[in-house]
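Notes for the structure review
Here's the letter readout for the chains.
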Amino acid sequence: MTEIFGIPIQAFLGQLMLGLVNGAFYAMLSLGLAVIFGLLDIVNFAHGALYMVGAFAAWIMLDKWGVNYWFALILAPLVVGALGVVIERTMLKRLYGLDPLYGLLLTFGLSLILEGIFRDQYGVSGQSYSVPEALTGATNLGFMVLPNYRAWVVLASIVVCLGTWFLIERTRLGAYLRAGTENAKLVQAFGVNVPMLVMLTYGAGAALAALAGVLAAPVYQVAPQMGSNLIIIVFAVVVIGGMGSIIGSVITGLGLGIIEGLTKVFYPEASNIVVFVIMAIVLMVRPAGLFGKEA
Amino acid sequence: MSKTVRYTYLGLLALLLLAPLVGLYPVFVMKVLCFALFACAFNLLLGFTGLLSFGHAAFFGMAAYACGWVVKAHGWTPELGLVAGTLIGAVLGLVVGLIAIRRQGIYFAMITLALSQMVFFFCLQAPFTGGEDGLQGVPRSRLFGLLPLDTDTTMYYVVLAIFVACFLGIMRIVNSPFGQVLKMIRENEARTTSLGYDVDKYKLLAFVLSAALAGLAGSLKALVMGFATLTDVQWQMSGEVILMSLLGGVGTFFGPVLGAGIVIALQDYLADRVGAWVNVIIGLIFVVCVLAFRKGLVGELHAFMERRRTVSSR
């Protein structure tokens, strides 16, 4: 078998793999959005910018101090997570209880600031970040050649997503988090430090975005606008999956990445908009999203 | 309208009528007026109906392309170009509105954003838009086939007339019974429904009106500047029009105009000097607006005068 639906199988599987990689990023980013939205009721428009900062942090660390990929994978999320904590303490804190639209607008302003700073420093043309040595090359699976780094990205993202899901749905800390979203006052009365929990949640969400950024650095160009191009698709993923549903955002993210990849094979002109078309259709049939609960 | 407000408006109008004579660069003022109209159209939706659309650039930009294209490639007269752009805005508004009003609040915002991104990719790939280069060299030609618009002064007064007419039109809409229903939806949607109003129909109509006016603003901009590019239809533009309204004062009549003036002036005068920092500055203004004065400049002024009045009447 060398062809599938009239398409060479190599090209088909290659796009499928690319779609899966994109989907892995959609899943990780929409997961972070879902976690932040769940507890803070804030649509974090700055998520794309934090993802970009994560990628740049890895690139700068390597370029300036020779910090290798594996350390950057830990350090960059820590740095960006700390930045997230500062943002939460100084700004987002003041918006709780207001219309969630203000959170959206504030984080939009933040994303302009972050993107502007990096654009001023590094221009619009991207920087390239080379694949770490251990993951260079490709494995021949017999029916296709699989680049090792891409396989690693998909694997890592699935592990991170499952880990987050486990943390929130199956641990005591997760139980506090979920209870906090239901009734913050009551949880506080039980002696749980809710403001601290909220702060750490935003920090963790930011760190998750940065982790995706570091993973993305060797696949895409590290460029100031890399986040803003992605965030809109991630929003569409969130709308389709149903906001606040963790498992929903993961499945929808991966699925849409694959669909997008396949569209690139069969009808390339539509590959940019297929996600939005799906969003429109899903909204017609299920306004609350595929995994969302009707409010 | 109080006496002070009426005199202020008359004073401003006189100033605008005299602007080209006192040496203000007419192209700059025209640009401000186009964006002011865009911001007023947006504010009709956010300020008076309470719907935050994050996709208004789609109507503005698509209309700019439509108007530029019919005028340039088909030799239509400018007024027909404006009509075409406005209609495109309205039709697009109907489609986006039908899908988006199924959800509320932030979902509504995100859906409009995603759909406008779809329009962006359409404009990037469609053959008549010129892709990355945009649509260049749109002629202003002759209004009604008679009045040549080539000189900036003539064009200026046409733009001013359209702007003033639309501004008064928006005031009329908001103060009409229809506008009262819109405000009621903004204040309490559930109660409006329980009073027997078909809320979705009202929201959709407001959305289409706002999109049509945004389309008019976009087509006017294409005529004035002579080009339509991807910047007009990009989602950052949707953000800018939100900032204009927020900075000037959401839900006030004059706020969006003032906000548009400040943002355009900042962009025009700062861009050469500070480069990419202009985005940082705009982002900072956004953050400060949301954190410190959510009423905007005009809104804060209203509140200040209100406070003074209560103090003096005591």
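Residues numbered from 1 in each chain as written. Chains lettered and ligands numbered in written order. Predicted model: local features only at pLDDT ≥ 70, side-chain atom pairs only at ≥ 80, totals over all residues. Heavy atoms only, no water.

Turning our eyes to something else, we now look at the interface of chain A and chain B. Opposite the 41 residues of chain A that make contact, chain B presents 36 residues. When chain A packs against chain B, close to 3,800 Å² is buried across both sides, 81% of that on carbon and sulfur atoms. Area buried by chain A at its contact with chain B is led by Leu105(A), Phe108(A) and Ile232(A), which between them contribute 15% of it. Our enumeration of links across chain A and chain B arrives at 0 salt bridges. Where chain A meets chain B, there are 3 residue pairs in polar contact (both at pLDDT 80 or more). Put simply, the parts of the chain that give the side of chain A that touches chain B at least two residues each are α4 (100-122), α9 (226-241) and α11 (274-285) of chain A. Examining the composition of the side of chain A that touches chain B, we find that 15 residues originate from one element, α4(A), more than from any other. Across the side of chain A that touches chain B, the residue classes break down as 32 nonpolar, 5 polar and 4 charged. (Contact = heavy atoms within 4.5 Å. Buried area = accessible area lost by both parts, 1.4 Å probe. Salt bridge = Lys/Arg side-chain N within 4 Å of Asp/Glu carboxyl O. Polar contact = N/O pair within 3.5 Å; in protein donor to acceptor, adjacent residues only side chain to side chain. Helix = DSSP H or I, 4+ residues; strand = E, 2+ residues; numbered from the N terminus. Nonpolar A, V, L, I, M, F, W, Y, C, P; charged D, E, K, R; others polar.)

Residue and element names in this part refer to chain B. Mapped onto the secondary structure, Phe167 falls in helix α6 (residues 152-175). By relative accessible area, which is 12% here, Phe167 ends up buried. A sequence separation of 131 residues divides Phe167 from Ala36, and the C-alpha atoms of the two residues are 9.4 Å apart. For Phe167, the contacting residues outside a window of four places in its chain are Tyr9, Cys40, Phe253, Phe254 and Val257. (Buried < 20%, exposed > 50% of the residue type's maximum accessible area, 1.4 Å probe, protein only.)

Glancing now at the UniProt feature "transmembrane region" (unreviewed entry) in chain A. Residue and element names in this part refer to chain A. UniProt marks residues 12-35, 42-62, 68-87, 99-118, 149-168, 189-218, 230-258 and 270-289 with the feature "transmembrane region" (unreviewed entry), using the numbering shown here. This span, residues 42-62, is 76% helix and 0% strand, and a straight line between its end C-alpha atoms measures 33 Å. Its end C-alpha atoms 28 Å apart, residues 149-168 is made of 100% helix and 0% strand. (UniProt positions renumbered as here; feature names shortened; annotations may be inferred.)

This part covers the side chain of Glu88(A). All names here are of chain A. By secondary structure assignment, the location of Glu88 is in helix α3 (residues 69-90). Since its relative accessible area comes to 0%, Glu88 is described here as buried. Leaving out residues up to four positions away in the same chain, Glu88 has contacts with Leu40, Lys93, Tyr96, Val198, Met199 and Tyr202.

What follows deals with unusual backbone geometry. For Asp41(A), which is not glycine, the phi torsion reads 60° and is therefore positive. Residue placement: Asp41(A) occurs in the loop between α1 (9-40) and α2 (47-65).

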